[in-house]
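The primary structure of each chain is shown beneath.
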Amino acid sequence: MKKIGILFGQENTFPQAFVDRVNSKKENSIIAELAKINKVIQGEPTEYAVLIDRISQDIPFYRAYLKNAALSGTAVINNPFWWSADEKFFNNALTTRLGVPVPKTVLLPSNQHPPDTNEFSMRNLEYPLDWQGIFEYVGFPAFFKPFAGGGWKNVYKLDNADDFFKAYNETGQLVMMLQEAIDFTDYFRCYSIDRRDVRIMQYDPKQPHHLRYVKNPKPVEEKLLKTIEEYVLILNNALGYDFNTVEFAVRDGIPYAIDFCNPAPDADYHSVGEENFEWVVESAANMAIRKAKSHKDGVNNLTWGDFITSFTSGKKISPNKNKNE
Ligand SMILES: Nc1ncnc2c1ncn2[C@@H]1O[C@H](COP(=O)(O)OP(=O)(O)O)[C@@H](O)[C@H]1O
Ligand SMILES: [Mg+2]
């Protein structure tokens, strides 16, 4: 018997629908359930062949539990080690090597010293920073957001250097990045599941939350959709996410990757809508079943991205020419 579990937080629609969908397929010797955790002992296996993680970003205890589970062979989706290592600035940096357009982005030191540090802790940092050079590179308007954020928290849109310094003074100990604003005509949010199934959803970030997934989307050029699908797969193959969303802002026909570090993406019926919900439940259930079938007892069943498996073993990462240029 191979058991599939799902670990979740405050969401109420996706987890049970996922479990029901897996079980409704009546696969021989595969069952799914809402995961149960009790005693967590070092090196001891869990009862799960596959665990879908929807919440360890908020519950560090779960992240540690998942690493321990992976050691004993649980296929954890997404890979908890990579998820711990990754952040948005690195995502952007890697993307510059993949031929996928990204907005110009710089990393900035936190405005306040991190806890228990002072000016002596950061003596390698030149003062002042080359603000002129930074502003010239990024340009205004610009987005200013945490290098490891989510849920639109502490995201600013800024028009000039004065705005910037005001905002910077509000960001405390957060490490932030300043990013070229893409003045977009279209915006897409795309599910990527198992690095094979892609669902491109028109999304209007300027609307209130419950109206953002566009209900009756206008037709989009086939060529643009193909490019977006290709970019989604390139990004997730490089990063190694099996369940993610990638956002693109389209300017002058070119899709720029904006936010592609969403390893527990929104999958709530009430926000994504009926059709997207049906798609994500079905696709995630099929992925989990494939992972359960290919699961091998007692070995490491995690998956990794090309950045880890190829790029680190001597393969040169060189910028591809952007196909749209
Ligand atoms: N460089 C950018 N150009 C245009 N819009 C952006 C840019 N960065 C962020 N946004 C807008 O701000 C929203 C939130 O930013 P995002 O990077 O997705 O942060 P979070 O991870 O908190 O969701 C995006 O959905 C998009 O609408
Ligand atoms: Mg986002």
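Residues numbered from 1 in each chain as written. Chains lettered and ligands numbered in written order. Predicted model: local features only at pLDDT ≥ 70, side-chain atom pairs only at ≥ 80, totals over all residues.

A. How the structure looks around the overall build of the chain. Scanning the chain for helices and strands turns up ten helices and twelve strands. Taking the principal axes of its C-alpha atoms as reference, the chain extends roughly 65 × 55 × 40 Å. Residues classed as buried in the chain amount to 34% of the 325 residues present. For the chain, contacts bridging at least 24 residues in sequence account for 71% of all contacts bridging at least 6. (Helix = DSSP H or I, 4+ residues; strand = E, 2+ residues; numbered from the N terminus. Buried ≥ 20, exposed ≤ 12 C-beta atoms within 10 Å, placed from the backbone. Contact = placed C-beta atoms within 7 Å.)

B. Here's a closer look at the sheet that holds strand β11 (residues 243–251). Ordered in space as β10-β9-β11-β12, the four strands form an open sheet in which the pairing is antiparallel. The open sheet has two edge strands, β10 (197–202) and β12 (254–259), and neither has a second partner. Taking each pair of neighbouring strands and ignoring which way they run, the sheet shows an average axis angle of 30°. Where strand β9 (residues 186–193) and β10 come together, six bridges link them in antiparallel fashion. Looking at the pairing, Phe188 lines up with Gln202 of β10. (Pairing = 2+ DSSP bridges. Axes fitted to C-alpha atoms, helices over the stretch in contact; angles between N-to-C directions.)

C. Region of interest: the nonpolar core. Counting residues in hydrophobic clusters, the biggest one holds 62 residues, and the most contacted among them are Ile4, Val50, Leu51, Leu235, Ala257, Ala284 and Ala288. Take this core: its biggest share by element is seven residues, from helix α9 (residues 274–294). Those residues in contact with Ala288, other than ones at most four positions away along the chain, are Ile4, Val22, Ala32, Val50 and Ile52. In this structure, Val138, Phe144, Phe164 and Met176 belong to the second largest nonpolar core, which totals nine residues. (Core = buried A, V, L, I, M, F, W, Y, C linked by C-beta atoms within 7 Å.)

D. Summary view of the domain arrangement of the chain. Per the domain assignment, the segments making up the chain are domain 1 (2–84 + 287–303) and domain 2 (104–180). Measuring from the centre of the C-alpha atoms in domain 1 to the corresponding centre in domain 2 gives 37 Å. (Domains from an automatic or database assignment.)

E. Seen up close, the packing of helix α1 (residues 14–24) against α9. Contact geometry of α1 with α9 gives a least axis separation of 9 Å together with a crossing angle of 55°. It follows that α1 is oblique to α9 by the angle criterion. For α1 against α9, the interelement crossing comes out right-handed. Of the residues in α9, those in contact with Phe14, Ala17, Phe18, Arg21 and Val22 of α1 are Val281, Glu282, Ala284, Ala285, Ala288 and Ile289. Taken together, the residues of the contact of α1 with α9 break down into nine nonpolar, no polar and two charged. (Parallel < 35°, antiparallel > 145°, perpendicular 65-115°, else oblique. Left-handed = near helix turned anticlockwise from the far one by under 90°. Nonpolar A, V, L, I, M, F, W, Y, C, P; charged D, E, K, R; others polar.)

F. Molecular detail of the pairing of β11. Bridge analysis of β9 against β11 gives eight bridges, and the strand direction is antiparallel. Note that in β11 the partner of Phe188 across the bridge is Phe248. Sheet analysis places β11 next to β12, joined by five bridges and oriented antiparallel. Residue pairing for β12: Arg251 is matched across the bridge by Ile254. Between β11 and β12, which pair antiparallel and follow one another directly, the connecting turn spans two residues, one of which, Asp252, has a positive phi of 50°.

G. Examining the site of ligand 1 more closely. Taken together, 18 residues surround ligand 1, and among them Pro103, Phe143, Ile182, Pro205 and Asp259 come closest. Split into classes, the residues belonging to the shell around ligand 1 amount to nine nonpolar, four polar and five charged. (Near = placed C-beta within 6 Å.)

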